[in-house]
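The residues making up each chain are set out below.
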There are 2 protein chains.
Amino acid sequence: MSTDAHTPEEKANLRLVLDMFDQVLNAMDADAVDRFIAPDYIQHNQSVGPGVEPLKDLLRFIKKETPQAVHDVKRSFVDGDHVIVHYHVRRWPDDLGWAVVDIFRIENGLIAEHWDVLQNLPESSPNPNSPF
Amino acid sequence: MSTDAHTPEEKANLRLVLDMFDQVLNAMDADAVDRFIAPDYIQHNQSVGPGVEPLKDLLRFIKKETPQAVHDVKRSFVDGDHVIVHYHVRRWPDDLGWAVVDIFRIENGLIAEHWDVLQNLPESSPNPNSPF
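Residues numbered from 1 in each chain as written. Chains lettered and ligands numbered in written order. Predicted model: local features only at pLDDT ≥ 70, side-chain atom pairs only at ≥ 80, totals over all residues. Heavy atoms only, no water.

In the annotation of an unreviewed UniProt entry, the entry for chain A reads Putative SnoaL-like aldol condensation-catalyzing enzyme, and the organism field reads Sphingobium jiangsuense.

Here it is as structure tokens:
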């Protein structure tokens, strides 16, 4: 994560996304979504429907089903109006979990578009390095 | 992709990575690896061994097994010494393929560290938006 060359706008965009991780994803708080995400945001994740309502439903579901879930941010980047976050989802304490990268586009101080890629972490690997 | 606020170093880092996509990944050219990737680079992909030799072996394998494979770059970003690329791998022309995000750390003009997340694209989705 490099911060020395970030513009004030980039700093604000990165802060918005990291605050969203804390207050929406890790808090699993559907009621906090509207503070961070535009109602008509463009969702590219292929597992949920478009717009904020399916996201709110998903947050309520995971809060009920996996109340110990964590979104553990490993690194984050900002380039203009885009913010990229690489993180480890664990649904329960000993879950191997998923490696995820989210890409967000920010517009008018809210998340306006979202892409992600998600991969199950393997039990074993030929590579001694961590996935993170 | 925002370029207006990029430093000269960021522009060079982004160019290195996009040239690597053309000349190594899309060319499937194991002999070009050393022009872009440090011999002792830190590989975090969990499917291959560390260092450049397993990568060269993989390139030779995919060139033989899937000679029509393409790495179709959808968007790319740079933040200081890190470059992020979101792309679509298709192994053959009608392959649904994978969505991938690569994160590269650049040091001394070469790729020094690499993380990635890879996901099979689904045949159908509740979301009418493209994965890209």
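That was the structure; now back to the text.
(A) Layout of the interface of chain B and chain A. On the side of chain A, 41 residues touch chain B, which itself brings 41 residues to the contact. Buried surface at the junction of chain B and chain A, both sides included, amounts to about 3,300 Å², of which 59% is carbon and sulfur. In this assembly, chain B and chain A are joined by 22 residue pairs in polar contact (both at pLDDT 80 or more). Contributions of two or more residues to the side of chain B that touches chain A are made by β1 (37-43), β2 (70-79), β3 (82-90), β4 (98-107) and β5 (110-120) of chain B. (Contact = heavy atoms within 4.5 Å. Buried area = accessible area lost by both parts, 1.4 Å probe. Polar contact = N/O pair within 3.5 Å; in protein donor to acceptor, adjacent residues only side chain to side chain. Helix = DSSP H or I, 4+ residues; strand = E, 2+ residues; numbered from the N terminus.)

(B) Quick look at the relation of the copies chain B and chain A. The two copies are related by a screw operation: chain B maps onto chain A through 180 degrees of rotation and 0.0 Å of translation along the axis, at an RMSD of 0.0 Å. The relationship between the two copies is best expressed as a two-fold rotation axis. Looking at the interface residues of chain B, 100% of them are also at the interface in chain A, so both copies use one shared face. (Least-squares fit on C-alpha atoms with pLDDT ≥ 70 in both.)

(C) The arrangement of the sheet that holds strand β3 (residues 82-90) of chain A in detail. Residues and elements named next belong to chain A. The strand order across the open sheet built from five strands is β1-β5-β4-β3-β2, with neighbouring strands paired in mixed fashion. Taken across any chain shown, the strands that pair with only one partner, and hence form the sheet edges, are β1 (37-43) and β2 (70-79). Taking each pair of neighbouring strands and ignoring which way they run, the sheet shows an average axis angle of 25 degrees. Two elements, β1 and strand β5 (residues 110-120), share three bridges in a ladder whose sense is parallel. (Pairing = 2+ DSSP bridges. Axes fitted to C-alpha atoms, helices over the stretch in contact; angles between N-to-C directions.)

(D) Representation of the environment of Ile-62 of chain B in the model. All names here are of chain B. Looking at the secondary structure, you find Ile-62 in helix α2 (residues 52-65). Exposure remark for Ile-62: the relative accessible area of 19% places this residue in the buried category. Beyond its immediate sequence surroundings of up to four residues, Ile-62 is in contact with Met-28 and Pro-67. (Buried < 20%, exposed > 50% of the residue type's maximum accessible area, 1.4 Å probe, protein only.)

(E) Structural detail: the side chain of Arg-75 of chain A. Residue placement: Arg-75 of chain A occurs in strand β2. Buried Arg-75 of chain A, no salt bridge; nearest opposite-charge side chain is Glu-113 of chain B, N-O distance 5.7 Å. One polar contact links the side chain of Arg-75 of chain A to the main-chain carbonyl oxygen of Phe-132 of chain A, over a distance of 2.6 Å. The residues contacting Arg-75 of chain A, other than those within four sequence positions of it, are Ile-84, Val-85, His-86 and Phe-132 of chain A together with Ile-103 and Trp-115 of chain B. (Lys, Arg positive; Asp, Glu negative; His and termini not counted. Salt bridge = Lys/Arg side-chain N within 4 Å of Asp/Glu carboxyl O.)

(F) Examining the sheet that holds β2 of chain B more closely. All names here are of chain B. The five strands are arranged β1-β5-β4-β3-β2 in an open sheet whose pairing can be described as mixed. Whereas interior strands pair on both sides, the edge strands pair on one side only; in this sheet they are β1 and β2. Neighbour-to-neighbour, the strand axes of the sheet open up by a mean angle of 25 degrees, direction not taken into account. Contacts between helix α1 (residues 8-26) and the sheet are confined to β2, β3, β4 and β5, with β2 contributing the most and set at about 165 degrees to the helix.

(G) Local environment of the packing of aromatic side chains. All names here are of chain A. Applying the stated criterion across every chain, the model contains four aromatic pairs over all chains. Ring geometry for Phe-21 against Phe-104: centres 6.3 Å apart, planes inclined by 90 degrees, an arrangement best described as edge-to-face. With Phe-21 in helix α1 (residues 8-26) and Phe-104 in strand β4 (residues 98-107), this pair connects stretches of sequence that are 83 residues apart. For the pair formed by Phe-21 and Phe-104, the shared burial category is buried. Between the NZ or CZ atom of Lys-74 and the centre of the ring of Phe-132, over which it lies, the distance is 5.4 Å. (Phe/Tyr/Trp six-rings, centres within 6.5 Å; stacked < 30°, edge-to-face > 60°. Lys NZ or Arg CZ within 6 Å of the ring centre and 35° of its normal.)

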